[in-house]
Amino acid sequence: MMIAPLKDLLNLAVLDKKLLKIFKSEVRPEGSGSKRRKQDERIPLERFGRKYLNVTDLSRQAWCEQQVVYGLELPHIEQLREEVPVVKAGSCLHLARELEVQDIVPIKVESREDSWAVKILNLLSMIQFLQAGERVRELPVFGELEGIFLVGVVDELCYNSKGELELRELKTRGQRTYPSVAQRKSHQLQVNIYKLLFEAMIKGQLNKDTITHHLCLRTEQPFSSEILLHAQKVGFTISTFGDLLDLMLLNLRYAEIPNIDAMKIEYCYQADASLIGTKEVNFEEEWVKSELKHYYSFWRGQREAKGVDIEEAWKCRSCDFADICEWRQSKAEEATQKNQANRSK
Ligand code: SF4
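Residues numbered from 1 in each chain as written. Predicted model: local features only at pLDDT ≥ 70, side-chain atom pairs only at ≥ 80, totals over all residues. Heavy atoms only, no water.

J.: For helix H14 (residues 285–299), give the residues involved together with the corresponding values.
T.: Over its 15 residues, H14 extends 21 Å from the first C-alpha to the last, a length consistent with the 21 Å expected when each residue adds 1.5 Å. All buried positions along H14 are accounted for by Trp287, Val288, Glu291, Leu292, Tyr295, Tyr296, Ser297, Phe298 and Trp299. Just past H14, the residue Gly301 takes up positive phi, approximately 75 degrees. (Helix = DSSP H or I, 4+ residues; strand = E, 2+ residues; numbered from the N terminus. Expected span 1.5 Å × (residues − 1). Buried < 20%, exposed > 50% of the residue type's maximum accessible area, 1.4 Å probe, protein only.)

J.: Requested: an account of the pattern of salt bridges, with residues and values cited.
T.: Side chains that differ in charge, positive against negative, can pair when their charged atoms come close. A full pass over the atoms with the stated rule returns 17 salt bridges. With its nearest N and O atoms 2.9 Å apart, the salt bridge here joins Lys315 to Glu312. On the basis of relative accessible area, Glu312 is assigned to the partly exposed category, the value being 26%. A salt bridge links Glu334 to Lys331; the shortest N-O distance between them is 3.7 Å. With Glu334 and Lys331 both in helix H15 (residues 326–343) and 3 residues apart, this pair spans about one turn of that helix. Taking relative accessible area as the criterion, Glu334 reaches 44% and is therefore assigned partly exposed. (Salt bridge = Lys/Arg side-chain N within 4 Å of Asp/Glu carboxyl O.)

J.: Explain the site of the ligand to me, and be specific about the residues and the numbers.
T.: Neighbouring the ligand are Cys64, Gln66, Gln67, Gly307, Val308, Cys316, Cys319, Ala322, Cys325, Trp327 and Arg328. Mapped onto the shell around the ligand, the elements with two or more residues apiece are helix H6 (65–73) and H15. Across the shell around the ligand, the residue classes tally to 7 nonpolar, 3 polar and 1 charged. Looking at the shell around the ligand, you find at least three residues from each of domain 1 (2–8 + 36–306) and domain 2 (309–345). (Near = heavy atom within 4 Å. Nonpolar A, V, L, I, M, F, W, Y, C, P; charged D, E, K, R; others polar. Domains from an automatic or database assignment.)

Quick look at the structure:
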């Protein structure tokens with residue numbers, strides 16, 4: 001049995017793509033986006049109030065960094081996107097998979113510490129399943145990598161026929177085809193980061209101060225009655241967030257769970273949930289670390305956000321921000337000037 005914050009389980013009204021388009025044409029940031037960004041001296045992590053990054057922020061950044069920035073500057077559009085039928089279909093497939101191996105119980109949370117307690121209690125239950133050789137889905141992973149705190153959710157961990165611990169990531173597709181190389185690169189980055197985070201956790205490299213410092217959580221904070229009741233039901237006696245952190249760190253340190261030996265991405269067709277195919281992913285630590293360094297340099301304010309290169313302009317065709325994107329506009333102007341210069345030679 002897994003728990004989830006009540007708000008995540010509410011069935012929101014489905015909005016269609018048409019509504020998204022109307023909304024998009026109505027929303028315009030005041031003045032030039034890049035001008036406003038330059039006037040704001042805070043680094044992006046501070047400007048967007050981010051205490052940590054989600055692993056999906058980084059994999060989306062690998063697709064188009066500028067798109068991530070627009071998503072944060074115009075969260076209304078981003079939220080509407082989650083309600084688009086094609087995106088909802090992907091979420092439903094993930095939920096259906098999760099329900100195959102575990103029940104989900106809604107739980108009321110009253111503080112940020114309660115929300116993190118949900119993650120940690122789920123993690124503690126899943127460690128027990130992994131120790132018993134069973135499969136787990138939606139496993140929370142988190143920790144500091146190269147100075148920034150990252151949070152993610154692994155779709156599935158299980159033991160394969162060779163007895164290896166295998167990570168499986170589910171990606172749903174609107175067409176019955178594999179995604180482009182560019183999209184696969186962002187998926188590859190995502191699962192490589194999951195492996196780094198998971199293995200640091202089971203090697204006991206997580207640290208209480210790091211967690212509370214990055215996430216600004218209070219160790220002395222007591223839990224809501226629902227969290228306390230659930231913790232008791234699953235066999236843990238805790239009263240404050242600090243107790244729960246100690247319990248988690250102890251469990252992780254002595255869990256004796258092996259490293260992840262294999263990683264696979266399963267591509268499924270959204271319409272009927274059939275498997276398109278599976279791609280194996282290699283672990284490339286040096287590559288991940290250099291990618292992290294590059295993506296972090298944006299969040300740390302060491303460089304401006306970048307949109308897609310001209311060779312990848314096809315990505316803009318399916319982008320919700322194409323109409324307002326200054327990067328796209330500047331690349332189009334550059335290309336026009338180049339053509340004019342070539343013609344006048
Ligand atoms: S229009 Fe193109 S460059 Fe601009 S945010 Fe979208 S994908 Fe990125």
